[in-house]
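Remarks on the overall topology
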Amino acid sequence: MSIVSLKLEQYRKAINLIDIAHILALEPAHISFALYKLDKPGFAPKYSEFSITKKAGGVRTIKAPHKALKAVQKRLAQDLLMIEQQLEATRIKKSDCVLAHGFKKKLSIMTNGENHRHRRHVFNIDLKDFFPTINFGRVRGFFMKHEAFELHESVATLLAQIACHNNELPQGSPCSPVISNLIASVLDVRLNELAHRYNCTYTRYADDITFSTSERNFPTAIGRRELESINLWEAGPKLLKVIQRAGFELNPTKTRMQHSYSRQQVTGVVVNQKVNIAADYYAEVAAMCHHLFMDGECFTKISGTKQPFHIKKLRGRLAYIYQVRGKGPKVIQKGEDGELKGTQKFWASFNLFERFLNYADLYAVDRPLVLCEGVTDNIYIKSAIQALAVAYPTLTSPAGELKVKLFKYTKTSTAVQQLGGGSGELLKLITKYHLRTKNFKAGGKHPLIVIVDFDEGSKIIFKEVEKKTGKKIDTQPWFHWDKNLYIVPIPKVGGVDTPIERLFPQALLDAPFDGKAFDITNSEKDGSKFFGKKVFATKVVAANKGTINFSGFDPLLATVVEVIEHHKTKTALPFAAAVAPVAAKAP
């Protein structure tokens, strides 16, 4: 018998907690503490509960695990996701044959919806209490008896203890999504067989199940009209039987049929023609953004009454729209030389998302924002601020809690805002900042402080600053560019060009790590002799910040404080005066 998954084989050979700890790369004491100490008198609870409002009304109870337990669950979930993917690869040859699309890499509400495009009938049902229905016994029994696992009884018990709380899979645990998919895979197979019998397509996304077909009449075994009703539908007898046999229950209030002459939605996306967002949903989000940009707050209507809508939720909606729609189509045009060239045409929804991110993450921040050239610079500055906390109360509390924000580089910031790190992208931000923040009426109360290395890569930025302010770049510690945007060059050390790493003691820069020398240029390719900025930031600076001398950062941090204090005076001035570009006074 061939081995499908090496990771799965490790679990199949395990017989106790020590074996599982080894597989998860954790200390056995860590797992024991998380499972058997938490919840005991004198110890923290395993879970903390809170409620969130559902979009369709009602509340959902989230059970957030203690950080010690969550660390165990995250590692177990990662292993199970890998195993699930490997097992699925042995059964499915084409991506469009995947039945369950929720909680999996490279699968989403879009891939789920794609299976049901251009269909005459789209039938949706919902499983009631999906996670809570899966109890401790089902989880333990699955790991013991499923032919792919067949784990040792003690190991199956241990995994169920890690995953379950109060005899159910809790919403909030990293394990719940993947384990629910594994256990529901039996249901998927049976419902897919039922679908094929009646020429239908079947998919599931978490607790949301969809059948679709272009047959003239929808099969009554799967779904049928309620007696004496034209619009209301109910699950058919064979569908109900399969669901009940698999140990699940239907939520009849969410059963619905959608025909091709009306709007058909699957897991929130429209599937009549192409997978898309409902027009009224996007219109509501666009209106919320308009009010946010104008007034600094936004609202939604619930039962005709205005209710405040949190900016984090609005970000989530815009991210969801971007996930579904993407950036926009590529347009192929013939150039003057006759060659075909592709250009990107952006959707209005993408432009709106970009404006939102510029507003929320650059212009209307809730405290001063420091934007460096990349992730490693963030580590340096955060470590320096915390190490020098006593000298800079404007920047941090004595406990090391930052009073400034460091811009967080993400895949979204790279794709949408063109901010992935580097002086080239900072130049685009600076020169286009007026357009990026055009027509924002609210915000701008806190400064956006762009910190730029004083080296060859930043010369184009410095030329732009000198052109706008009329001041030489090396004569001022900071420059006000536009609105809340300030530019701070790294202070020169010894009168020569200075990247931020030069603010560290020379002895630290020269010290070897793991037998290798630090490549401050990040250009050496021989990894056997040199280590780069990422290793220096994480393994040298962050790991030893308690013993490093950060005095070289004093001039930079003092300048940041000066900018913050200056901006306080700017926000107190009339708007026209506040946005005029100025240079810092000579020290």
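These remarks concern the structure in this document. (Residues numbered from 1 in each chain as written. Predicted model: local features only at pLDDT ≥ 70, side-chain atom pairs only at ≥ 80, totals over all residues. Heavy atoms only, no water.)

It is worth spelling out the overall build of the chain at this point. When its secondary structure is counted, the chain shows 22 helices and 22 strands. Here the chain holds 587 residues, and 45% of them are scored as buried. Look at the contacts in the chain between residues 6 or more apart in sequence, and 65% of them connect residues 24 or more apart. In the chain, which carries 84 positive and 56 negative side-chain charges, the distance between the mean positions of the two groups comes to 4 Å. (Helix = DSSP H or I, 4+ residues; strand = E, 2+ residues; numbered from the N terminus. Buried < 20%, exposed > 50% of the residue type's maximum accessible area, 1.4 Å probe, protein only. Contact = heavy atoms within 4.5 Å. Lys, Arg positive; Asp, Glu negative; His and termini not counted. Charge placed at Lys NZ, Arg CZ, Asp CG, Glu CD.)

What you tend to see is this: most non-glycine residues have negative phi, and most peptide bonds are trans. Here Glu150, not a glycine, exhibits a phi torsion of approximately 50 degrees, which is positive. Its location among the elements puts Glu150 in the loop between helix H7 (136-145) and helix H8 (153-163). With a phi close to 55 degrees, Gln418 is a non-glycine residue in the positive phi region. As for its position among the elements, Gln418 is in the loop between helix H15 (411-417) and helix H16 (423-431). Residue Gln418 is classed as partly exposed on the basis of its relative accessible area of 30%.

Moving on, we get to helix H3 (residues 28-37). Those residues of H3 that sit buried are Ile31, Ala34 and Leu35. One face of H3 carries all of its buried residues, which in axial projection span an arc of 85 degrees. Buried residues in H3 make contact with helix H2 (17-24), helix H4 (67-91) and H8. Note on H3: the residue one or two positions beyond its end, Asp39, has a positive phi of about 80 degrees. (Arc of directions from axis to C-beta.)

Another aspect to go through is the environment of Pro555. Take Pro555: it is sitting in helix H21 (residues 554-571). Measuring from C-alpha to C-alpha, the distance between Pro555 and Pro477 comes to 8.9 Å, with 78 residues separating the pair along the chain.

Two pairing modes exist for strands in a sheet, parallel and antiparallel, and in both the strands are linked by backbone hydrogen bonds. Strand order in the open sheet formed by four strands is S4-S5-S3-S8, and the pairing between neighbours is antiparallel. Strand pairing shows two members of the sheet lacking a second neighbour, strand S4 (201-205) and strand S8 (256-259), which therefore form its edges. Ignoring which end each strand starts from, the neighbouring axes of this sheet average 20 degrees apart. Summarising the sheet, strand S3 (residues 121-126) and S8 pair through four bridges and their orientation is antiparallel. Residue pairing across strands places His121 opposite His259, the latter belonging to S8. Sheet strands in contact with helix H9 (residues 175-197) are S4 and strand S5 (208-213), and its direction is about 160 degrees off that of S4. (Pairing = 2+ DSSP bridges. Axes fitted to C-alpha atoms, helices over the stretch in contact; angles between N-to-C directions.)

Here we come to the packing of aromatic side chains. Counted by the stated rule, this structure contains 32 aromatic pairs. Centre to centre, the rings of Phe123 and Trp233 are 6.3 Å apart; their planes meet at 55 degrees, and the pair counts as tilted. Of this pair, Phe123 sits in strand S3 while Trp233 sits in strand S7 (residues 233-235), and the two are 110 residues apart along the sequence. Note on Phe123: relative accessible area 0%, which makes it buried. Look at Trp233 and you get buried, because its relative accessible area is 9%. Their ring planes at 20 degrees and their centres at 5.4 Å tell us that Phe518 and Phe531 sit as a pair that is stacked. (Phe/Tyr/Trp six-rings, centres within 6.5 Å; stacked < 30°, edge-to-face > 60°.)

Bringing the side chain of Ser180 into the picture now. Relative to the helices and strands, Ser180 is located in helix H9. The buried category is assigned to Ser180, whose relative accessible area is 0%. In this view, Ser180 contacts Phe103, Phe130, Phe131, Ile134 and Leu169; residues no more than four positions away in its chain are not counted.

A separate point is the state of the cysteines. For the structure shown, the criterion picks out zero disulfides. Here Cys175 stays free of any disulfide, with the sulfur of Cys164 as its closest cysteine sulfur at 9.2 Å. Taking the relative accessible area as the measure of exposure, Cys175 reaches 0% and is therefore buried. We note that Cys298 lacks a disulfide partner, and the nearest cysteine sulfur, in Cys289, lies 7.5 Å from it. (Disulfide = S-S within 2.5 Å.)

The next thing to look at is the environment of Asn358. In this fold, Asn358 is placed in helix H13 (residues 348-363). When the C-alpha atoms of Asn358 and Gln417 are compared, they prove to be 7.4 Å apart, with 59 residues separating the residues in sequence. When near neighbours in sequence (up to four residues on either side) are disregarded, Asn358 contacts Tyr363, Gln417, Arg436 and Phe440.

Of all hydrophobic cores here, the largest spans 69 residues; its most connected members are Phe143, Phe149, Ile179, Phe211 and Leu239. Per-element accounting of this core gives the leading share, ten residues, to H9. Contacts of Phe149, omitting those with residues within four sequence positions, involve Leu8, Arg12, Leu80, Ile83, Leu87, Phe142, Phe143 and Leu182. Counting residues in hydrophobic clusters, the runner-up holds 58 residues, among them Val271, Tyr281, Phe407 and Ile473. (Core = buried A, V, L, I, M, F, W, Y, C linked by side-chain atoms within 4.5 Å.)

Across its 25 residues, H4 extends 36 Å between first and last C-alpha, which sits within 8% of the 36 Å expected from 1.5 Å per residue. Within H4, the full set of buried residues consists of Ala68, Leu69, Val72, Gln73, Leu76, Ala77, Asp79, Leu80, Ile83, Glu84, Leu87 and Glu88. (Expected span 1.5 Å × (residues − 1).)

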